[in-house]
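Given next are the chains, with one letter for each unit.
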Amino acid sequence: MLQTSNYSLVLSLQFLLLSYDLFVNSFSELLRMAPVIQLVLFIIQDIAILFNIIIIFLMFFNTFVFQAGLVNLLFHKFKGTIILTAVYFALSISLHVWVMNLRWKNSNRFVWTDGLQTLFVFQRLAAVLYCYFYKRTAVRLGDPRFYQDSLWLRKEFLQVRR
Amino acid sequence: PPNKSPQPLEKPQKRPPRALPPVPRFVMISANFQSDNNRKEQMDYLVCFIDDIPVNRPKKKKPRPKHTLVSTSLDGLVQAGVRRPSEGSEPPTKDPIEHPEAPVQRRHKKTRQPLELETSFTQKKASSPSLLQNENGIDVEPAEEAVIKKPRKKTKKTQPSGLQYANELGVEDEDIITDEQSTPEQQSIFTAPTGVSQPVGKVFVEKSRRFQAADRSELIKTTENIDVSMDMKPSWTTRDVALSVHRAFRMIGLFSHGFLAGCAVWNIVVIYVLAGDQLSNLSNLLQQYKTLAYPFQSLLYLLLALSTVSAFDRIDFAKTSVAVRSFLTLDPTALASFLYFTALILSLSQQMTSDRIHLYTPSSVNGSLWAAGIEEQILQPWIVVNLVVALLVGLSWLFLSYRPGMDLSEELMFSSDVEEYPDKDKGIKASS
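Definitions and limits used
- Starting from 1, residues in each chain are numbered consecutively following that chain's sequence as written.
- Here the convention is simple: chains get letters from A, ligands get numbers from 1, in the order in which they are written.
- Only residues with pLDDT of at least 70 are given local features in this predicted model, and only at 80 or more are side-chain atom pairs given and counted; all residues enter the totals for whole chains, interfaces and linings.
- Calculated side-chain values reflect all of the structure's heavy atoms, with hydrogen atoms and water omitted.
- Side-chain atoms within 4.5 Å link the members of a nonpolar core, which is a set of buried Ala, Val, Leu, Ile, Met, Phe, Trp, Tyr and Cys residues.
- Relative accessibility under 20% of the residue-type maximum defines a buried residue, over 50% an exposed one, and the middle range a partly exposed one, all with a 1.4 Å probe and only protein chains included.
- Pairs of residues are marked as contacts when any of their non-hydrogen atoms sit within 4.5 Å.
- Buried area is a sum: the accessible area each of two parts loses on coming together, probed at 1.4 Å, counted once for each and added.
- The working definition used for a salt bridge is a side-chain nitrogen of Lys or Arg within 4 Å of a carboxyl oxygen of Asp or Glu.
- Distance and chemistry together define a polar contact, namely a pair of N or O atoms within 3.5 Å, with one atom able to donate a hydrogen and the other to accept it when in protein, and with adjacent residues in sequence counting only for side-chain atoms on both sides.
- Under the scheme used here, helices are H or I runs from DSSP no shorter than 4 residues and strands are E runs no shorter than 2 residues, and both carry numbers assigned from the N terminus.
- Under the convention adopted here, Pro, Cys and the residues Ala, Val, Leu, Ile, Met, Phe, Trp and Tyr are nonpolar, Asp, Glu, Lys and Arg are charged, and Gly plus all remaining residues are polar.
- An axis is simply a line fitted to the C-alpha atoms; with a helix, the fit covers only the stretch in contact. Between two such axes, the angle follows the N-to-C directions and lies from 0 to 180 degrees.
- Each crossing gets its handedness from the near helix: less than a right angle anticlockwise from the far helix is left-handed, clockwise is right-handed.
- Confidence of the predictor in every single residue is expressed as pLDDT, which spans 0 to 100.
- The arc under discussion is defined with respect to the helix axis, by the directions toward the C-beta atoms.
- Like charges are joined within 9 Å and nonpolar side chains (Val, Leu, Ile, Met, Phe, Trp, Tyr) within 5 Å, but only among residues with over 30% relative accessible area and no salt bridge; these make up the patches.
- In this description, accessible areas are obtained by the Shrake-Rupley approach with a 1.4 Å probe, and a residue is regarded as covered only by the protein chains that are shown.

Caption draft 1: Representation of the nonpolar core within the structure. Among the nonpolar cores identified, the biggest contains 107 residues, and B:Leu285, B:Tyr289 and B:Val393 are the most heavily contacted of them. Sequence-distant contacts of B:Tyr289, defined by excluding residues within four places in its chain, comprise B:Asn267, B:Val270, B:Ile271, B:Leu274, B:Phe296, B:Ile357 and B:Trp382.

Caption draft 2: Broad picture of the interface of chain B and chain A. Taken residue by residue, the interface counts 51 residues in chain B and 53 residues in chain A. Counting each side, the surface lost to burial between chain B and chain A is near 4600 Å², with a carbon and sulfur contribution of 66%. Taken together, chain B and chain A are joined by five salt bridges. At the boundary of chain B with chain A, the tally comes to 16 residue pairs in polar contact (both at pLDDT 80 or more). If you list the elements that add at least two residues to the side of chain B that touches chain A, you get helix 3 (95-119), helix 7 (238-275), helix 8 (282-315), helix 10 (332-349), helix 11 (351-358), helix 13 (408-414) and helix 14 (425-431) of chain B. The biggest single contributor to the side of chain B that touches chain A is helix 8 of chain B, with twelve residues. Each residue belonging to the side of chain B that touches chain A can be placed in one class, and the counts come to 29 nonpolar, 13 polar and nine charged.

Caption draft 3: Local environment of the packing of helix 8 of chain B against helix 12 (residues 375-402) of chain B. Residue and element names in this part refer to chain B. At a minimum axis distance of 11 Å, the contact between helix 8 and helix 12 shows a crossing angle of 35°. At the point where helix 8 passes helix 12, the crossing takes the left-handed sense. Contacts from Leu282, Ser283, Leu285, Leu286, Tyr289, Leu300, Leu304 and Arg314 in helix 8 reach Glu375, Glu376, Leu379, Trp382, Ile383, Val389, Val393 and Leu400 in helix 12. Taken together, the residues of the contact of helix 8 with helix 12 sort by class into twelve nonpolar, one polar and three charged.

Caption draft 4: Focus on the confidence of the model for chain B. All names here are of chain B. Summing up the model confidence of chain B, the mean pLDDT is 67 and the portion of residues at 70 or higher is 44%. Across chain B, helix 10 holds the top mean pLDDT of 94, while helix 4 (residues 127-136) sits lowest at 40. Across residues 1-21 the pLDDT falls below 50, and counting only partners more than four positions away or on other chains, this stretch makes 29 contacts in the model. Segment residues 417-432: pLDDT under 50, and 36 contacts once partners within four positions in sequence are set aside and those in other chains are kept.

Caption draft 5: Examining the environment of B:Leu400 more closely. All names here are of chain B. Looking at the element boundaries, Leu400 is found in helix 12. Under the relative-accessibility criterion, Leu400 is labelled buried at 4%. It is 8.8 Å that separates the C-alpha atoms of Leu400 and Leu254, two residues lying 146 residues apart in sequence. Leave out the neighbours within four places in its chain, and Leu400 touches His257, Arg314, Thr333, Ala336 and Tyr340.

Caption draft 6: Here's a closer look at helix 9 (residues 320-328) of chain B. All names here are of chain B. Turning to helix 9, its buried residues number three or more, namely Val322, Ala323 and Ser326. All buried residues of helix 9 fall inside an arc of 100° around its axis, so they share one side. Opposite the buried face of helix 9, by more than 90 degrees, sit the exposed residues Arg325 and Leu328. Leu330 lies just past helix 9 and shows a positive phi near 55°.

Caption draft 7: Geometry of a nonpolar patch on the surface. Residues and elements named next belong to chain A. On the surface, Ile43, Ile47, Leu50, Phe51, Ile54, Phe57, Leu58 and Phe61 cluster together to form a nonpolar patch covering roughly 710 Å² of accessible area. Structurally, Phe61 is set in helix 2 (residues 35-62). In this structure Phe61 comes out as partly exposed when scored by relative accessible area, which is 39%.

Shown next as structure tokens:
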């Protein structure tokens, strides 16, 4: 069974990483006095996303549903979050590489092209969706139903086996 | 009289092989007999299951202190019981039918128990009042026979087993078998020798590798007390943490809706004031606004992201069926989240122009991004988009404030404890 204190700790860590992500997405364009600043911000942001992925998977592994062997059920339930997080991670890394590549010599250069603008829009939109789905998943995993045997789980099990 | 049942008596009394690696399970069977002279004798059997083959050993004879006569022969007891006609509640015709089922039923019970431990934990509580009745009403009909099979107890004194124990302490009606004409074939080795018996108030609890008699009612009381305290203890569950975080985020969202609407309106007012009549003074706008453009773009993104996530929360966007239904019925909250998402896309699409404004230098300066004459061409759509964003955001705020308390996520995600696992729950998992 998930301990309340542990869950609070994990949830606050997740929210910390999410808010850092939102902060960098919002203000990284402002903080470009030196290219190194942006580089460090971007690296930490990518690591934060990676950390969030690791944490959410550790939370999955901790559920009774997973330990009962119903990986499929868990994946089915949270596939939106998993896929979106992976997509966002890929978009973020590609945008960061592109932007840093263009701005490395002169951080105050006008670097925008149509392609970069498109990637930027998709990355930022994915960030919002990622934030929503991830937050929802993290909150939902606090449901005690995932950590104990129940009638609901047995029904799910029967459905999965069919 | 049965032939098999006395056999265990002849075996030498030795301690059960408790220390052996394949840990045998013990079942205490206590049978209380009432003989002709209304004297009560009590027999205690320790049945040892090793790989589901029970070995029946009489452990010890425990006559009650008040009784003077102790009968050592089981045969006599059983005969005494058999001699009396059954005056139990059940008609004698039923007995042959019922009896063969009894061992089977018990075997079912035994295998089913571990499953029940986790789920039907509280359901059995109802049996305890009947138990108390039974043990207090000791004076039952003299001829009534009952073999009480006490539930198997776990010997380890862990907390969960202690709790489970409370439920098993009760004497259920199906545990009391009222039959007497038992042929040797029918009497399986599971059952204790039949005789006149009734529930006793003693339970034998293993303490420090030795069974000690304890009063059943007191044990139940203590375990029930533990039960109550366990119920009281988790006052702050993970669900509560999740719920409070969710509500806190809703508060942040509520703030950002209003703040975003105010900011956007202020922004568009500033732009139009700086641009002058009919956008005649665009270079002034660029000069004044260039320091403000990028910070405002960043702030707009932050607030739009927060508002969009909050609006999605309210319609439970991840649950597509519910979200689509809300859109189709033109629910204000669903409309608001759609408007927020549109505003977000529009605002993000102006990132390039905002950066261009941010890097504004007059066209006379060498390497300027702003060639003479293209100012209006670039700024016109930018102003329009900003105006549209301000309108969308303001409208969303109005829509949301129409039903500020609406929150489908909370209703659907956290309401499941009211009605346990309703069918609509299936929708959640399908989409999320």
